[in-house]
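Here is what each chain is made of, one letter per residue.
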Amino acid sequence: MKDSSYFLSLTKRGFTLLFLVVAQANAEVPQTLEELWTDFPARDKATPLDTEVLKTWEENDVTLRLVRFNIGAFKGEMLKLAGFYAVPKGDMKGLPALVVCHGGGQKASVGGPKNWAMNGYAAFCPNNGAQPWDNRFVGLPNTDYGSFNPAVRKPDNRDGKGRLAPGPNTIDPVLSPRNEAMYLRMYAMRRALTFLQSRPEVDPEKLGFRGHSTGGVMTVRTAIDPRLKAVVPSMGGCGFWWEDYPWVVDNTRGYEGMEDATQQKLFLNTVSCDANWKAMHAPLLFLASANDFNSPTENVVRAMNAMPPGVDKRLVMPAHYNHSANPQAAIADKMWFEQHLKQSGFVFPKTPQGELILKTKDKVPVFRVQPDPESSLPIESVDVYYSYGRKPQARYW
């Protein structure tokens, strides 16, 4: 009995110790979006960029550089972000600057930042997925997330179900938003803003963010950074995937492994796009497409309605397109930044006002639309599209 009692006593102490460790860890786990990023400014200031210029060349009166800099230290590992940085050729000062993010299956490209530089911006395109370089840059250092797994193409082993579960490649040993696959990418995007601010040719008060598809998600989830003056998520980052709409089909996703109510609540309050939409401050233009698989119209409208009152916002959405846009819509992001970053004098028209009247004398519904009467831009035409399809991708307008 003495030996058994001793074993039981050790077991009790073991459980007590385990409980205390878990309780302490849980106390340090961020529970809100604000708590998640509270320590970033101090960590950002304390971590030097140590920027490396890996290659420099010129195209179309644009100077391009492949650069790499420190993301930050996590569990003793210094993580690195690489990407392409472009500026107009010459001795430039006071340039507005953009982070330009690629989609989920792509890698950093030269064309994106070069195009923006040709339009008078400094632009950085991060290789945020750590995808291999193409033949022009093989052998040069790349993005390095160390032993972590921020949604790059390697096994993601977890000690439990769900996006916040701990595992051998996560930051925290307990359920935590810092374990979510894209948290380190979001941290890296904030460091990308710090990189732009460090450049002598950049006006640090004129920063913007633009991303497509997964890059749109990253735009939304970086948009609360107070340094940003304008953002354009494109066909990604709508959020609100967990709220069903009875009149729509195939517009929910992401439940797999997230059935636990505690984990759901923590996810929605910290790293979800939903939480970020509710905390937006920068003028935002959402570039959508009416038949998009990645940001259905209903989700986009709900997201934009969740923004704080008074934040300048627009929705541009061409009909008949899925995850792409026609030139008339695609130009909108450049004009948004013309107004809010370059401050060139261009003023984006206000959102047209619409009114749907269902009860009429002849029982034929009427829809009225009033374009911005204060805009100085001429109106070429007004087209009204409608659809009653329940599946966003299959709607005919």
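Above this text sits the structure in question.
Residue numbers here run from 1 along each chain, matching the order of that chain's written sequence. The predicted nature of this model means local features are confined to residues of pLDDT at least 70 and side-chain atom pairs, given and counted, to a pLDDT of 80 or more, with totals for whole chains, interfaces and linings taken over all residues. To get the side-chain values, take all heavy atoms of the structure and skip hydrogens and water.

Peer 1: Explanation requested: the packing of aromatic side chains in the structure shown.
Peer 2: A ring pair, where both rings are aromatic, is described by two values, the distance of the centres and the angle of the planes. By convention, a stacked pair of Phe, Tyr or Trp rings (six-membered ring in the case of Trp) has centres within 6.5 Å and planes under 30 degrees apart, an edge-to-face pair has planes over 60 apart, and any other such pair is tilted. With the rule as written, the count across this model stands at 22 aromatic pairs. With a centroid separation of 6.3 Å and 80 degrees between ring planes, the pair formed by Trp 37 and Phe 40 is classed as edge-to-face. With respect to burial, Trp 37 and Phe 40 carry one shared label: buried. Seen from their ring centres, Phe 69 and Phe 195 are 4.9 Å apart, and the 10 degrees between their planes marks the pair as stacked. The buried label applies to any residue whose accessible area, calculated with a 1.4 Å probe on protein chains only, is under 20% of its type's maximum; exposed applies above 50%, and partly exposed to all values in between.

Peer 1: Please explain the state of the cysteines as it appears in this structure.
Peer 2: Where two cysteines share a covalent bond between their sulfur atoms, that bond is called a disulfide. Cysteine sulfur atoms are paired as a disulfide whenever they fall within 2.5 Å. Across all of its chains, the model carries 0 disulfides by this definition. With no disulfide of its own, Cys 238 lies closest to Cys 273 among cysteine sulfurs, the gap being 7.4 Å. Taking relative accessible area as the criterion, Cys 238 reaches 0% and is therefore assigned buried.

Peer 1: What exactly am I supposed to notice about the environment of Lys 89 here?
Peer 2: Here Lys 89 lies in the loop between strand 3 (77–88) and strand 4 (95–101). Residue classification places Lys 89 among the partly exposed positions, given a relative accessible area of 42%. Taking the C-alpha atoms as reference, Lys 89 lies 8.8 Å from Ala 117; in sequence the two are 28 residues apart. Contacts between residues were defined by any pair of non-hydrogen atoms, one from each residue, lying within 4.5 Å. Sequence-distant contacts of Lys 89, that is, excluding residues within four places in its chain, are made with Glu 58, Asp 61, Val 62 and Thr 63. Polar contact is the term for a pair of N or O atoms within 3.5 Å; when the atoms are in protein, one must be able to donate a hydrogen and the other to accept it, and sequence-neighboring residues count only if both atoms are side-chain atoms. A polar side-chain atom of Lys 89 sits 3.3 Å from a polar atom in the side chain of Glu 58. Runs of E in the DSSP output that reach at least two residues are strands. Runs of H or I that reach at least four are helices, and both are numbered from the N terminus.

Peer 1: Please clarify how the nonpolar core should be interpreted in this entry.
Peer 2: Here is a general trend for soluble globular proteins: nonpolar side chains tend to be buried in one another's company. Counting residues in each nonpolar core, the largest one holds 68 residues, and the members touching the most others are Trp 37, Leu 81, Tyr 85, Phe 124 and Trp 277. Among the elements that make up this core, the one with the highest residue count is helix 5 (residues 183–198) (10 residues). By size, the runner-up hydrophobic cluster in this structure holds 17 residues, among which are Leu 285, Leu 287, Ala 329 and Phe 348. Here the nonpolar core consists of buried residues drawn from Ala, Val, Leu, Ile, Met, Phe, Trp, Tyr and Cys, with membership extended through side-chain atoms lying within 4.5 Å.

Peer 1: Just checking my understanding: could you explain the pattern of salt bridges for this structure?
Peer 2: As a working rule, side chains carrying opposite charge can pair if their charged atoms are close by. Salt bridge, as applied in this entry: a Lys or Arg side-chain nitrogen positioned within 4 Å of an Asp or Glu carboxyl oxygen. With the rule as written, the count across this model stands at 17 salt bridges. Here Asp 44 and Arg 227 are joined by a salt bridge, their closest N and O atoms 3.9 Å apart. Placement of the pair is Asp 44 in helix 3 (residues 40–46) and Arg 227 in the loop between helix 6 (214–220) and strand 7 (228–234), with a sequence separation of 183 residues. Of the charged contacts in the structure, one is a salt bridge between Asp 225 and Arg 227, with a shortest N-O distance of 3.0 Å.

Peer 1: So what exactly am I meant to see when it comes to the sheet that holds strand 3 here?
Peer 2: Where strands meet in a sheet, backbone hydrogen bonds hold them as pairs that are either parallel or antiparallel. For two strands to pair, DSSP has to find at least two bridges joining them. Sheet architecture is open: 9 strands sit in the order 1-2-3-5-4-6-7-8-9, paired in mixed fashion. The strands lining the two open edges of the sheet, one partner per strand, are strand 1 (52–59) and strand 9 (313–316). Strand-to-strand, the axes of this sheet are offset by a mean angle of 20 degrees, without reference to chain direction. Of the strands in this sheet, strand 1, strand 2 (62–74), strand 3, strand 4 and strand 5 (122–126) are in contact with helix 4 (residues 111–118), which crosses strand 3 at around 40 degrees. Lines are fitted to the C-alpha atoms to define the axes, a helix being fitted only along its stretch in contact, and any angle between axes, read from their N-to-C directions, falls within 0 to 180 degrees. Along the sheet face, helix 11 (residues 332–342) touches strand 4, strand 6 (202–212), strand 7, strand 8 (284–287) and strand 9 and points at about 175 degrees away from the line of strand 7.

Peer 1: I keep staring at the pairing of strand 2 and nothing clicks. Help me out?
Peer 2: Both faces of the sheet carry side chains from a regular strand, because those side chains alternate between them. Most of strand 2 is tucked away: 12 of the 13 residues are buried. As paired elements, strand 1 and strand 2 share 7 bridges and run antiparallel to each other. Looking across to strand 2, one finds that Trp 57 is bridged to Leu 64. Here strand 1 folds back onto strand 2, and the loop between the two strands holds 2 residues, one of which, Asn 60, carries a positive phi near 50 degrees. In terms of strand pairing, strand 2 meets strand 3 through 12 bridges, oriented antiparallel. Note that in strand 3 the partner of Leu 66 across the bridge is Phe 84. Hairpin connection between strand 2 and strand 3: a loop of 2 residues separates the two successive antiparallel strands, and Lys 75 in this loop has a positive phi of roughly 55 degrees.

Peer 1: When you look at a nonpolar patch on the surface in this model, what are you seeing that I'm missing?
Peer 2: Residues forming no salt bridge and having over 30% relative accessible area are the ones grouped into patches, like charges within 9 Å of each other and nonpolar side chains (Val, Leu, Ile, Met, Phe, Trp, Tyr) within 5 Å. Computed with the Shrake-Rupley method and a 1.4 Å probe, the accessible areas treat only the protein chains shown as cover for residues. Taken together, the side chains of Leu 356, Leu 358, Phe 367, Val 369, Ile 379, Val 382 and Val 384 present a nonpolar region at the surface, about 670 Å² in accessible area. Here Leu 356 shows up in strand 10 (residues 353–357).

Peer 1: Help me out: how do you make sense of unusual backbone geometry in this one?
Peer 2: With the exception of glycine, the majority of residues adopt a negative phi angle, and the majority of peptide bonds are in the trans configuration. The backbone of Met 235 sits at a positive phi, close to 55 degrees, despite the residue not being glycine. Checked against the element boundaries, Met 235 lands in the loop between strand 7 and helix 7 (261–270). Its identity as a non-glycine residue notwithstanding, His 323 has a phi of 65 degrees, on the positive side. Secondary-structure assignment places His 323 in the loop between strand 9 and helix 10 (327–330).

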